[in-house]
Amino acid sequence: MIVSRQVEWDMGHRVMNHHSKCRNVHGHRYKLEAFLSGELVTKEADSSEGMVIDFGDVKSVLLEHVHDVLDHGFLVWEKDLMMMNFFKKNPDMKHIVVPFTSTAENLAAWIFKNLESQFNNLYGKNLRLEEIYLWETPTSKVVCKRGDIK
Ligand SMILES: [Zn+2]
């Protein structure tokens, strides 16, 4: 069975080398949905009996490792010298430096890698992150599946 949970956050970014408006400093209301496969807990009287995992436990991981890291921050590519200089002068402005241009595709791969290890570490081998959906706008999303990233 597969369970999923969503989380949303607000974040700024820009796609430095894009030919059009994405070069500008702007932000989005991002939404992530994480899909986890696992086996039903069948142990009688267990707190999770009849579940793959408590939705609240999934929410906790998504909040700690995605929402709280990125919310109201600015995702900046380390090669974007204009923004890197700005944050050097304003280090109290929340920003997250990443080694990739901040497209939704790259962000989805980065989130997938981070979450995969978190779920593996927390809940053992029976729980696996299968795929994530990452919406950059209400009508545009990326699907990143296990095996899509190395
Ligand atoms: Zn954008």
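What counts as what
Residues numbered from 1 in each chain as written. Predicted model: local features only at pLDDT ≥ 70, side-chain atom pairs only at ≥ 80, totals over all residues. UniProt positions renumbered as here; feature names shortened; annotations may be inferred. Helix = DSSP H or I, 4+ residues; strand = E, 2+ residues; numbered from the N terminus. Contact = placed C-beta atoms within 7 Å. Buried ≥ 20, exposed ≤ 12 C-beta atoms within 10 Å, placed from the backbone. Pairing = 2+ DSSP bridges. Axes fitted to C-alpha atoms, helices over the stretch in contact; angles between N-to-C directions.

Turning next to the UniProt feature "binding site: Zn(2+)" (unreviewed entry) in the protein. Feature annotation in UniProt places "binding site: Zn(2+)" (unreviewed entry) on His13, His26 and His28, given in this structure's numbering. The greatest C-alpha distance among the annotated residues, which extend across 16 residues, is 8.2 Å, indicating that they converge on a single site. By the secondary structure assignment, His13 is in strand β1 (residues 2-13). In this view, His13 contacts Phe74, Leu75 and Ser102; residues no more than four positions away in its chain are not counted. Positionally, His26 belongs in strand β2 (residues 26-37). Residue class for His26 comes out exposed when judged on the 11 C-beta atoms lying within 10 Å of it.

Moving on, we come to the pairing of β2. Here 12 bridges tie β1 to β2, and the two strands are oriented antiparallel to one another. Among the inter-strand pairings, Glu8 is bridged to a residue of β2, identified as Lys31. Here β2 runs beside strand β5 (residues 128-137); their pairing, made up of 7 bridges, is antiparallel. Following the sheet pairing, Lys31 is matched in β5 by Trp135.

Below, the discussion takes up the UniProt feature "active site" (unreviewed entry) in the protein. In this numbering, the UniProt entry assigns the feature "active site" (unreviewed entry) to Cys22, His72 and Glu136. Locating His72 in the fold gives a position in the loop between α1 (55-70) and β3 (73-77). Exposure remark for His72: the 11 C-beta atoms within 10 Å place this residue in the exposed category. Not counting residues up to four positions away in its chain, the partners in contact with His72 are Asp10 and Lys94. Tracing the backbone through its elements, the reader meets Glu136 in strand β5. Those residues in contact with Glu136 that lie beyond four places of it in its chain are His28, Tyr30 and Ala104.

A few words on the sheet that holds β3. Overall, mixed pairing links the 6 strands, which are arranged β4-β3-β1-β2-β5-β6 in an open sheet. Looking at which strands have only one partner, the edges of the open sheet turn out to be β4 (95-98) and β6 (140-145). On average, adjacent strands in this sheet sit at an angle of 30° to one another, irrespective of strand direction. Strands β1, β2, β3 and β4 of the sheet are contacted by α1, whose axis makes an angle of about 15° with β1.

Okay, the environment of Lys150 next. Tracing the chain through its elements places Lys150 in the segment after β6. Remark: the alpha-carbon pair of Lys150 and Lys113, spanning 37 residues in sequence, is separated by 9.0 Å.

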